[in-house]
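What the coordinates show
Given next are the chains, with one letter for each unit.
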Amino acid sequence: MKRLLEDLIALQEVEVEIFKAESGLSEIPKEIDEIESILIARRRALDAVEEEIKALEQRKQPLEAELEENQAILTAADARIKKIKTNREYLALQREMDIAKKRKVEIEEEILYLMDKIETNLKEKQRLEKSFEDDKKILETKKEKLISRQNELQGIIEDYKAKALELRKAVDPSLLDRYDRIKKHKKGLAVVSCDDGVCSGCHMHIPPQLFNEIIKGDRLIQCPLCQRILYTNYEPDESNAGKD
Ligand SMILES: [Zn+2]
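The rules behind the values
- Residue positions are given per chain, counting from 1 as you read along its sequence in written order.
- Predicted model: local features are reported for residues with pLDDT of at least 70 only, side-chain atom pairs are reported and counted for 80 or more only, and whole-chain, interface and lining totals are derived from all residues.
- Every helix listed is a DSSP run of H or I at least four residues long, and every strand listed is a run of E at least two residues long, numbered separately from the N terminus.
- Every radius of gyration here is taken over C-alpha atoms, with the globule rule written as 2.2 Å times N^0.38, N being the number of residues.
- Here exposure depends only on C-beta density: within 10 Å of a residue's C-beta, 20 or more other C-beta atoms make it buried, 12 or fewer make it exposed, and intermediate numbers make it partly exposed, the C-beta atoms being placed from the backbone.
- Here, a nonpolar core means buried Ala, Val, Leu, Ile, Met, Phe, Trp, Tyr and Cys residues linked by C-beta atoms lying within 7 Å of one another.
- Residues are treated as contacting if the C-beta atoms built from their backbones sit within 7 Å of each other.
- Note that domain bounds follow an automatic or database assignment of domains.
- Predictor confidence is given residue by residue as pLDDT, running from a minimum of 0 to a maximum of 100.

A few words on the overall build of the protein chain. Assigned secondary structure in the protein chain consists of 5 helices and 2 strands. Helices and strands in the protein chain line up, N terminus first, as α-α-α-β-α-β-α. The globule rule puts the C-alpha radius of gyration for 244 residues at 18 Å, and the 42 Å found for the protein chain is more than 25% above it. The principal-axis extent of the C-alpha atoms belonging to the protein chain is close to 145 × 35 × 30 Å. Each of the 244 residues in the protein chain was classed as buried or not, and the buried ones make up 12%.

Take the environment of glutamate 144 next. Within the secondary structure, glutamate 144 is located in helix α2 (residues 87–170). Counting along the chain gives 112 residues from glutamate 144 to isoleucine 32, while the straight-line C-alpha distance between them is 9.2 Å.

A few words now on the nonpolar core. With 21 residues, the main nonpolar core has Val191, Cys194 and Leu230 as its most contacted residues. Mapped by element, the contributors of at least two residues to this core are α1 (2–81), α3 (173–186), β1 (191–193), α4 (208–216) and β2 (229–231). The dominant element in this core, judged by the number of residues it contributes, is α1, at 5 residues. Not counting residues up to four positions away in its chain, the partners in contact with leucine 230 are Val192, Cys194, Cys199, Ile214, Ile221, Gln222 and Cys223.

Quick look at the domain arrangement of the protein chain now. Here the protein chain is partitioned into domain 1 (20–170) and domain 2 (174–243). Each of domain 1 and domain 2 was reduced to a C-alpha centroid, and the two centroids are 67 Å apart.

Turning to unusual backbone geometry, a few remarks are in order. Phi at histidine 203 is positive, roughly 70°, even though this residue is not glycine. Tracing the sequence through the fold places histidine 203 in the loop between β1 and α4.

This brings us to the environment of threonine 232. Here threonine 232 is to be found in the loop between β2 and α5 (238–243). Taking the C-alpha atoms as reference points, threonine 232 and aspartate 195, 37 residues apart in sequence, are found 5.5 Å from one another. Setting aside residues up to four positions removed in sequence, threonine 232 forms contacts with Ser193, Cys194, Asp195, Ile214 and Ile215.

Another aspect to go through is the confidence of the model for the protein chain. Residue-level pLDDT values for the protein chain average 93, and 95% of them are 70 or greater. Averaged over each element, pLDDT in the protein chain is lowest for α5 (48) and highest for α2 (96). Across residues 240–244, confidence stays below pLDDT 50; counting only partners more than four residues off in sequence or on other chains, it has 1 contact.

Considering the arrangement of structural elements, one finds isoleucine 206 in the loop between β1 and α4. Assessed through the 21 C-beta atoms surrounding it within 10 Å, isoleucine 206 is described here as buried. When the C-alpha atoms of isoleucine 206 and alanine 92 are compared, they prove to be 114 Å apart, with 114 residues separating the residues in sequence. Beyond its immediate chain neighbours, meaning those up to four positions away, isoleucine 206 contacts Cys194, Gly197, Val198, Cys199, Phe211 and Cys223.

If you want it as structure tokens, here you go:
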């Protein structure tokens with residue numbers, strides 16, 4: 001019984017490692033996804049600022065053209081005003097010039113406002129680009145590490161699975177069947193130690209009679225509460241045993 005349990009314990013140790021490696025492996029795609037969504041969000045923020053700058057430039061262009069036309073009107077009027085003979089003509093031209101001057105002020109104000117906004121957005125773009133470049137390097141390194149960890153874990157799992165398959169051959173089939181059923185039910189350890197008379201699976205105190213049987217190791221003992229297979233590292237003192 002003891003030897004059979006030793007094989008089973010060895011198998012359990014390997015299967016616990018498989019479980020740990022598989023849990024670790026299942027977390028990795030999530031972490032990679034997180035990194036990718038951070039990078040996508042950063043890229044989008046940068047794109048949005050670039051779009052905003054483009055839109056502002058598009059609003060500025062016709063205004064600049066209009067300002068040039070306006071200036072041409074004013075220059076032409078300046079030339080004409082010197083040649084004017086009548087007061088009426090002079091007043092009409094003066095009014096035309098006043099309108100053009102007023103419009104000029106409006107356009108200039110609007111252009112200044114747009115330039116100011118472009119400037120702010122350009123600064124924001126620079127800031128985003130800088131932090132994007134820095135973080136991208138960090139995140140991509142992190143991603144590479146996760147991918148290599150993923151490959152490493154896949155290799156470990158394969159090795160352990162081959163090892164577990166070998167170890168399973170050494171265990172008595174009915175014991176293996178019981179082990180698998182307990183393992184499935186308890187989602188973890190099926191064979192646990194019972195030192196000092198306490199089941200390390202559920203912490204129940206095992207009746208002394210049952211504990212003695214575990215020490216003897218003649219038959220398979222399961223915990224009365226959690227049903228896990230029990231073994232002990234406790235070794236009876238030979239000199240004391242002799243005195244009883
Ligand atoms: Zn128990």
